[in-house]
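Residues per chain, in single letters:
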Amino acid sequence: MKTLQQIRRDLHQIPEIGFHEFKTQAYLLNEIYSMDQERLTVVKWKTGIVVHVKGLAPKKTIGWRSDIDGLPINEQTGFSYESIHPGFMHACGHDIHMTVALGLLRLVNQTPINDHMVFLFQPAEEGPGGALPMREWLKNQHPELLPDEILAFHIAPEFPVGTIATRPGLLFANTSELFIDLVGLEGHAAYPHRTKDMTIAAASLLMQLQTIVSRAINPLESAVVTVGKMTSGTVQNIISGHARLEGTIRTMDAATMQTVKNRIEALCKSTEIAFECQVEIDYGSSYYQVYNSEEITQNFLSFADRDETTNAIVCDAAMTGEDFGYFLQEIPGFLFWAGVDSSYGLHNAKLNPHEKVIDYLVPFVESYIRSL
């Protein structure tokens, strides 16, 4: 049987983007099928996996979710076990997430708990979003596998190993990608009156988008509208007939997200009129807020506070996004941060989480679940 460290390193080498996690799924299945199958039921969904562990005297089903996809980032860690897929990397710690899930699955399979457990190995967390369709598939096709409570964690580079951080209520924001295409009429720079200049239209729209938070959102609420990329034109003496804005929206409230989108759509319509062009909006992947169940999360923090190996912190809410929020939208539970003591942050090509988090977290989570 492989050590958890070896499993993590194997998984680190084969990062794959959302709904293309074919090698990852095969690797996970190989590890799962190497376990005693007497108490296990294994079901595949797309590139994901659901594993049900039969309890001894079940009164409920406890869920544990792990995301499994990587990011389109060219790794620069210099690890001996760095990615063998050029241009892709586990730069958000999902290799750690999967390894902890497998370690926990091993323990509750070898020494069962009273309640049932369901392990959800979910694809496409980074995009286009796997939690919502996986949840709906479970509801419609396998309601017997739906957990009564659901738990998950995310690595936190800024905290040392042994630190747990979460909070009752809102933890992560509502998020949405934003892509806006403006289509006009290309032409020679010497004849601007014969064109519909999309560089100017996009620049004007970009500036107007910055007024949404300052003028359309209650100052006591939180929102972010960021355009991180703008492209337009080909060469210096051709007026551009196409421009594209790419950005992100983040809010601390679902209703505020809709307000922001309404304003974006209104500004895009006005741009169409003002610049005689066509404007198309694509919101890409949109994630629902991560809202931790109050009582369950408080009980978890109390448990962590009593554990001698753990430093429990009630942290602030963050503008980060996580599609685990779609599970919490309908199932009680929580997500928590687990420190990994990395000198580089999430989505960084040099992210280097400390592997000792695996040996700490697996028995800690097992102990918590048995306490339930």
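Relevant structure appears above.
Model, not experiment: these values are computed from the prediction.

1. A look at the overall build of the protein chain
Point 1. Regarding its fold elements, the protein chain presents ten helices and 17 strands.
Point 2. Relative to its length of 372 residues, the protein chain is compact, with a C-alpha radius of gyration of 23 Å against a globular reference of 21 Å.
Point 3. Counting the 372 residues in the protein chain, one finds 52% classified as buried.
Point 4. Contacts in the protein chain between residues at least 24 apart in sequence constitute 79% of all its contacts with a sequence separation of at least 6.
Point 5. Positive and negative charge centroids in the protein chain, built from 28 and 44 side chains respectively, lie 2 Å apart.

2. Observations regarding unusual backbone geometry
Point 1. Here the amide bond leading from Gly 127 into Pro 128 is cis, since omega sits at 5°, within 30 degrees of zero.
Point 2. In this structure, Pro 128 sits in the loop between strand 4 (116-122) and helix 4 (131-141).
Point 3. Here Glu 276, not a glycine, exhibits a phi torsion of approximately 50°, which is positive.
Point 4. Within the fold, Glu 276 resides in the loop between helix 7 (254-275) and strand 13 (278-282).

3. Digging into the environment of Phe 327
Point 1. In this structure, Phe 327 sits in helix 9 (residues 325-328).
Point 2. Once residues within four sequence positions are removed from consideration, Phe 327 is found in contact with Arg 65, Leu 120, Gln 122, Ala 131, Met 134, Arg 135 and Ile 150.

4. A few points about the pattern of salt bridges
Point 1. Tallied over the entire structure, the rule returns 17 salt bridges.
Point 2. The partner of Asp 67 in a salt bridge is Arg 65, with the nearest N and O atoms 3.5 Å apart. Both residues of the pair, Asp 67 and Arg 65, count as buried.
Point 3. One connected set of salt bridges, linked through shared partners, spans Arg 8, Arg 9, Asp 95 and Glu 355.

5. Overview of the side chain of His 94
Point 1. Relative to the elements of secondary structure, His 94 occurs in helix 3 (residues 94-110).
Point 2. Residue His 94 is classed as buried on the basis of its relative accessible area of 1%.
Point 3. Polar contacts involving the side chain of His 94 include one to the side chain of Asp 67, which spans 3.2 Å.
Point 4. Once you skip the residues sitting within four places of it in the chain, His 94 turns out to touch Asp 67, Ile 68, Asp 69, Glu 125 and Glu 126.

6. Topic: the packing of helix 5 (residues 198-209) against helix 7
Point 1. With their axes 10 Å apart at the nearest point, helix 5 and helix 7 run at an angle of 150° to one another. Relative to helix 7, the element helix 5 is oriented roughly antiparallel. Our pair here, helix 5 against helix 7, has a crossing hand that is right-handed. Along the contact surface, helix 5 presents Met 198, Ile 200, Ala 201, Ser 204, Leu 205, Gln 208 and Leu 209, while helix 7 presents Ile 264, Leu 267, Cys 268, Ser 270, Thr 271 and Phe 275.
Point 2. For the contact of helix 5 with helix 7, the class distribution of residues is nine nonpolar, four polar and no charged.

7. Overview of the sheet that holds strand 5 (residues 149-156)
Paired through their backbone hydrogen bonds, the strands of a sheet run either parallel or antiparallel.
Point 1. With mixed pairing, the eight strands of this open sheet are ordered in space as 1-2-4-3-5-17-6-16. For this open sheet the edge positions go to strand 1 (40-45) and strand 16 (311-314), each flanked by a neighbour on one side alone. Within the sheet, the average angular offset between the axes of one strand and its neighbour, ignoring direction, is 20°.
Point 2. The sheet contact formed by strand 3 (residues 61-67) and strand 5 spans three bridges and is parallel. The residue of strand 5 that forms the bridge with Trp 64 is Leu 151.

8. Some thoughts on the side chain of Glu 31
Point 1. One can find Glu 31 in helix 2 (residues 22-33).
Point 2. Classification of Glu 31 by relative accessible area gives buried; the value is 7%.

9. Some points on the packing of aromatic side chains
Point 1. Here the structure, examined in full by the defined rule, presents 18 aromatic pairs.
Point 2. Judged by centre distance (6.4 Å) and plane angle (55°), the ring pair of Trp 64 and Phe 336 falls under tilted. Of this pair, Trp 64 sits in strand 3 while Phe 336 sits in strand 17 (residues 333-339); the two residues are 272 residues apart in sequence, bridging distant segments of the chain. Taken individually, Trp 64 and Phe 336 each receive the classification buried, so the pair is uniform in this respect.
Point 3. Through pairs of rings, three or more aromatic residues link up here, namely Trp 64, Phe 153, Phe 300, Phe 303, Phe 334, Phe 336, Tyr 360, Phe 364 and Tyr 368.
Point 4. The side chain of Lys 261 reaches across the aromatic face of Tyr 283, ending 4.4 Å from its centre.

About the cut-offs
- Residues numbered from 1 in each chain as written.
- Predicted model: local features only at pLDDT ≥ 70, side-chain atom pairs only at ≥ 80, totals over all residues.
- Heavy atoms only, no water.
- Helix = DSSP H or I, 4+ residues; strand = E, 2+ residues; numbered from the N terminus.
- Rg over C-alpha atoms; globule rule 2.2 N^0.38 Å.
- Buried < 20%, exposed > 50% of the residue type's maximum accessible area, 1.4 Å probe, protein only.
- Contact = heavy atoms within 4.5 Å.
- Lys, Arg positive; Asp, Glu negative; His and termini not counted.
- Charge placed at Lys NZ, Arg CZ, Asp CG, Glu CD.
- Salt bridge = Lys/Arg side-chain N within 4 Å of Asp/Glu carboxyl O.
- Polar contact = N/O pair within 3.5 Å; in protein donor to acceptor, adjacent residues only side chain to side chain.
- Axes fitted to C-alpha atoms, helices over the stretch in contact; angles between N-to-C directions.
- Parallel < 35°, antiparallel > 145°, perpendicular 65-115°, else oblique.
- Left-handed = near helix turned anticlockwise from the far one by under 90°.
- Nonpolar A, V, L, I, M, F, W, Y, C, P; charged D, E, K, R; others polar.
- Pairing = 2+ DSSP bridges.
- Phe/Tyr/Trp six-rings, centres within 6.5 Å; stacked < 30°, edge-to-face > 60°.
- Lys NZ or Arg CZ within 6 Å of the ring centre and 35° of its normal.

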